[in-house]
Amino acid sequence: MLVRLVLHHPYPQAFLQMCNLPIKVVCRSNAEYMSPSGKVPFIHVGNQVVSELGPIVQFVKAKGHSLSDGLDEVQKAEMKAYMELVNNMLLTAELYLQWCDEATVREITYARYGSPYPWPLNHVLAYQKQWEIKRKMKAIGWGSKTLDQVLEDVDQCCQALSQRLGTQPYFFNKQPTELDALVFGHLYTILTTTDELSEKVKNYSNLLAFCRRIEQHYFEDHARGGISVRLS
Amino acid sequence: MGTVHARSLEPLPVGGPDFGALGEEAEFVEVEPESKQEILENKDFPLDRHICTGIMWQRRKSRERLLSPLTDLAPPTVQQFSMPTHSCLVGQAGYNSWFFFNSFPCLCTLRLGHQTGLGGSSHRAQAERWGLPAWTQVIALQELLASPGAAGRPQRLCLCQWPAYLGTCGLWASPTASMSAEPQGTFLCLRQHLTGATLPRPLSQVMRKSHEAREKLLRLGIFRQVDVLIDTCQGDDALPNGLDVTFEVTELRRLTGSYNTMVGNNEGSMVLGLKLPNLLGRAEKVTFQFSYGTKETSYGLSFFKPQPGNFNRNFSVNLYKVTGQFPWSSLRETDRGLSAEYSFPIWKTSHTVKWEGVWRELGCLSRTASFAVRKESGHSLKSSLSHAMVIDSRNSSILPRKGALLKINQELAGYTGGDVSFLKEDFELQLNKQLALDSVISASLWGGMLVPMGEKPSSIADRFYLGGPTSVRGFSMHSIGPQSEGDYLGGEAYWAGGLHLYTPLPFRPGQGGFGELFRTHFFLNAGNLCNLNYGEGPKAHIRKLAECIRWSYGAGIVLRLGNIARLELNYCIPMGVQGGDRICDGVQFGAGIRFL
């Protein structure tokens, strides 16, 4: 089955390539609006459109591919816990940095978010999105955090991941699982886009090596229109 | 002395084909003629020098300020009154401004006829005591009681005359000393442009001109009622063989509001409307409508300004947000826009030039929307210039009996900003002819083409749609043409034609009354909608539009709703159905304003 993938983050791409499924990546500026739930990433398979990683994993499992079959119950629970940690911590930190840190917002985010649209729509949509994200931050209690606190939290999260990974090639056994795909996706984005967060991540050499390994193994080997920016 | 009342039965003509010319819709109600009147009707009134008609009203906040706007108009020197003989019967060419602001009916008297002398010294002294500027020439002074609405306060009305180059008469309303300082009287300035020759005119022509003046006043949409009284000149300085033409007007209220609740389609909403029919005194109209619903919110604010003296030239600015749901395409569209348009007539045609800027947000209506529609979701900005030309000689816009309509519309988007770029043309033609036995045969033709400029393909919100009870009957709403998984995507070119025969109901029930609103109708509709490959020549385009024609025929009943809308109940037999079209054969109900 050929999957068309529309994404902002590369973790579903990593996941699907780990499952050895052929995919085609399409980048569109209105990806958010195309998605049935309003969130990226989403995949378009035949007649169906599935969005967000959880449902994507379920969908792929229903089709008969799964990466976590070899795990027992305890490990599956642990994997879920770590995935929640990554989602809550890393994803929110990325959003915070993109939209709530004034310097980044002014220099990078407004221009990038509004670039597909003409004036004055670029300003209007960027302000609207920022207002929405700030409201969400306030709702989950991050509204009052400063940048340093956020960086602290990211550091702690990376520490936990680093400890779990240890010297193993992947998080569980020798085979990659959904957690590996998710962690890779987030860390990759952090390392290639932001400065402050990437400094924190670079402190953990095994995480760096992990990202490098997955990139080499799945992206350069498959060489399918993938992202091949060198990690430094 | 006899008086003739000229009163039309139609309350508020809006404009266009329903603004009937004299003789078609209006009727004169003649009062029982008295002996003197017969003499008047056949007599001609010499008009070599005449006074223009003018009633000057101006809003004022206090007695003191009453003078200043007037003095602004002319320097305080008295000029010799002399009207050129070629000027209009009533009014002066070129002065076309009126101001209205009022809350009580007023009486104004105009004089026609030969003028022998201007107001005597007694009038002058009186006027000075009242505070009239020195350069006015007083013709008559009258004390009137105000209407019941103004709580019985007496008003003084003074008919005066401005210097020649202003060419108007003024009507000065001043409160008596006993009134408080709050805004009381209003001073209305009406400089009316009524065309006419300077030849002596029989009474019937005066009546006709007065009627036309009345229609013009009503068309502004700021008066609730306008009555015209024509009488012989009365009073001390009555002009020999002169006529007094009196316009009695009642204005609409300055601010009207409405509040409704609407329930329908799983949604309830509250609608609030506000209207100011005469904002600044020159018939500017501001309307605001706001609808707050459980699912969507929409609003519209519009400002309309006619050119004083020429209602057909007008300018309007609109600000709006509307949301629409289109289940045939599984599409939801929210438009927030600003538009400015200017309309003007050229000979018999009416043109409108418009700029519009719209922020469009498209979304899917359900999770099962097809991917082709999903791809169109998102935001876009359209900034376009458009021009429309309308020639309408029908006698009515709903169920016309004769006449023709031609509308041509073109729109160019993308060159004034925005990210949507196209050229869109469409036209509408309708011909009507009355046959024997009160039947009417009507033929109509619609067509349009959308050419995207640049590399981006056209957006689903700009394309044309075909089908439904208001276009090709027998097919479901907008369900003809290119589609993807059941969602209709519209097309870039289309044409549609219809041939109708309208007859009165069989056996004519309710003739002369309710039955006149119904018509039976037999129709034949045809049309096609497709996407053209613009690289090929026009022959290929015509060939593509001529293949796979969908058509239908049938009969039904049409009900006319006022002058705006019509309801139809038809039995349709669709033919030429292509794969993918959705039909509605059998009974189909339709309601709308614009029908093929």
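Here is what the cut-offs are and how they apply
- Residues numbered from 1 in each chain as written.
- Chains lettered and ligands numbered in written order.
- Predicted model: local features only at pLDDT ≥ 70, side-chain atom pairs only at ≥ 80, totals over all residues.
- Heavy atoms only, no water.
- Contact = heavy atoms within 4.5 Å.
- Buried area = accessible area lost by both parts, 1.4 Å probe.
- Polar contact = N/O pair within 3.5 Å; in protein donor to acceptor, adjacent residues only side chain to side chain.
- Helix = DSSP H or I, 4+ residues; strand = E, 2+ residues; numbered from the N terminus.
- Nonpolar A, V, L, I, M, F, W, Y, C, P; charged D, E, K, R; others polar.
- Buried < 20%, exposed > 50% of the residue type's maximum accessible area, 1.4 Å probe, protein only.
- Pairing = 2+ DSSP bridges.
- Axes fitted to C-alpha atoms, helices over the stretch in contact; angles between N-to-C directions.
- Parallel < 35°, antiparallel > 145°, perpendicular 65-115°, else oblique.
- Salt bridge = Lys/Arg side-chain N within 4 Å of Asp/Glu carboxyl O.
- Phe/Tyr/Trp six-rings, centres within 6.5 Å; stacked < 30°, edge-to-face > 60°.
- Lys NZ or Arg CZ within 6 Å of the ring centre and 35° of its normal.
- Expected span 1.5 Å × (residues − 1).
- Arc of directions from axis to C-beta.

Under an unreviewed UniProt entry, the name given to chain B is Sorting and assembly machinery component 50 homolog, and the organism recorded is Echinops telfairi.

In the annotation of an unreviewed UniProt entry, chain A is listed under the name Metaxin-2 isoform X3 and assigned to Echinops telfairi.

With that settled, consider the interface of chain B and chain A. Taken together, the contacts link 14 residues of chain B with 19 residues of chain A. A buried area of about 1400 Å², summed over both sides, lies between chain B and chain A, and 65% of it is on carbon and sulfur atoms. Contact with chain A buries surface across chain B, with B:Phe371, B:Arg374 and B:His379 losing the most and accounting together for 41% of the total. Run the count over chain B and chain A and you get four residue pairs in polar contact (both at pLDDT 80 or more). At the level of elements, α5 (371-374) and β19 (378-392) of chain B are the ones that each hand at least two residues to the side of chain B that touches chain A. Taken together, the residues of the side of chain B that touches chain A sort by class into three nonpolar, five polar and six charged.

All names here are of chain B. Here Tyr 553 is to be found in strand β27 (residues 550-561). The class for Tyr 553 is partly exposed, based on a relative accessible area of 35%. As for Tyr 553 and Asn 570, which are separated by 17 residues in sequence, their C-alpha atoms are 9.7 Å apart. In this structure, Tyr 553 is in contact with Phe 523, Leu 524, Tyr 571, Cys 572, Ile 573 and Met 575, ignoring residues within four places of it in sequence.

Residue and element names in this part refer to chain B. Bridge analysis of strand β14 (residues 285-293) against strand β15 (residues 297-307) gives eight bridges, and the strand direction is antiparallel. Of the residues in β15, the one forming a bridge with Phe 288 is Leu 301. Two successive antiparallel strands, β14 and β15, enclose a turn made up of three residues. Where β15 lies against strand β16 (residues 310-326), nine bridges are found, and the strand directions are antiparallel. Residue Gly 300 lies in a different strand from β16, and its bridge partner there is Tyr 320. In sequence, β15 turns back onto β16 through a hairpin of two residues, with Gly 309 there showing a positive phi of about 95°.

Before going further, it helps to spend a moment on the side chain of B:Asn314. Residue and element names in this part refer to chain B. Tracing the backbone shows Asn 314 in strand β16. At 3.2 Å, the side chain of Asn 314 forms a polar contact with the backbone oxygen of Phe 311. Look past the residues within four positions of Asn 314 in its chain and what remains in contact with it is Phe 304, Lys 305, Pro 306, Gln 307, Glu 341, Tyr 342 and Ser 343.

Okay, the packing of helix α4 (residues 73-99) of chain A against helix α5 (residues 102-114) of chain A next. Any two packed helices are characterised by the angle at which their axes cross and by the distance between the axes. Residue and element names in this part refer to chain A. Between α4 and α5, the least distance of the axes is 7 Å, while the angle of their chain directions is 100°. Between α4 and α5, the crossing angle belongs to the class labelled roughly perpendicular. Across from Leu 97, Gln 98 and Trp 99 in α4, the residues of α5 making contact are Thr 104, Val 105, Thr 109, Tyr 110, Arg 112 and Tyr 113. Looking at side-chain class alone, the contact of α4 with α5 contains five nonpolar, three polar and one charged residues.

Our next topic: the pattern of salt bridges. All names here are of chain B. A complete count under the given rule lists 17 salt bridges over all chains for this structure. In this structure, Glu 428 and Arg 594 form a salt bridge, with 2.7 Å as the shortest nitrogen-oxygen distance. Taken together, the residues Glu 428 in strand β21 (residues 422-434) and Arg 594 in the segment after β29 (586-592) connect sequence positions 166 residues apart. Note on Glu 428: relative accessible area 8%, which makes it buried. Among the salt bridges present, the one from Asp 581 reaches Arg 550, with a minimum N-O distance of 2.7 Å.

In this section: the packing of aromatic side chains. For the structure on display, the rule yields eleven aromatic pairs over all chains. Pairing A:Trp99 with A:Tyr113 gives two aromatic rings, centres 5.3 Å apart and planes at 80°, and the pair type is edge-to-face. In this pair, A:Trp99 sits in helix α4 while A:Tyr113 sits in helix α5, placing the two residues 14 residues apart along the sequence. Like A:Trp99, the residue A:Tyr113 is buried in the burial classification. Look at A:Phe184 and A:Tyr188: their rings are 5.4 Å apart centre to centre, the planes differ by 40°, and that puts the pair in the tilted class. Residue A:Phe184 and its partner A:Tyr188 are both found in helix α8 (residues 178-193); the two are separated by four residues, about one turn of the helix. A relative accessible area of 1% places A:Phe184 in the buried class. Relative accessible area serves as the criterion here: at 5%, A:Tyr188 is assigned to the buried category. Of note, B:Arg594 hangs over the ring of B:Trp446, and the distance from its end group to the ring centre comes to 3.9 Å.

Here the focus is the pairing of strand β4 (residues 48-51) of chain A. Residues and elements named next belong to chain A. Where strand β3 (residues 42-45) and β4 come together, four bridges link them in antiparallel fashion. From the neighbouring strand, His 44 faces β4, where its bridge partner is Val 49. Turn length for the β3-β4 hairpin, with the two strands adjacent in sequence and antiparallel, is two residues, and the turn residue Gly 46 shows positive phi of about 60°.

Moving on: α8(A). Here α8(A) contains 16 residues, and its C-alpha end-to-end distance of 23 Å stays within 8% of the 22 Å for a straight helix at 1.5 Å per residue. Most of α8(A) sits out of view: 14 of its 16 residues are buried.

Attention now moves to helix α6 (residues 538-546) of chain B. Think of an α-helix as 3.6 residues a turn; residues three or four steps apart then line up on the same face. Residue and element names in this part refer to chain B. Of all the positions in α6, only Ala 540, His 541 and Leu 545 are classed as buried. For α6, the buried positions fall inside an angular range of 135° around the axis, keeping them on one side. The outward face of α6, more than 90 degrees from its buried face, is lined by the exposed residues Lys 539, Ile 542 and Arg 543. Contact partners of the buried residues in α6: β25 (493-503) and β26 (518-530). At the exit of α6 stands Cys 548, carrying a positive phi of roughly 55°.

Another point: the environment of B:Ser471. Residues and elements named next belong to chain B. Inspection of the secondary structure puts Ser 471 in the loop between β22 (440-452) and β23 (483-484). Overall, Ser 471 belongs to the buried group, its relative accessible area being 7%. On a C-alpha basis, the gap between Ser 471 and Arg 594 in space is 8.5 Å, while along the polypeptide they are 123 residues apart. In contact with Ser 471, other than residues within four places in its own chain, are Trp 446, Leu 466, Asn 525 and Leu 596. From its side chain, Ser 471 meets the backbone nitrogen of Gly 467 in a polar contact 2.8 Å long.

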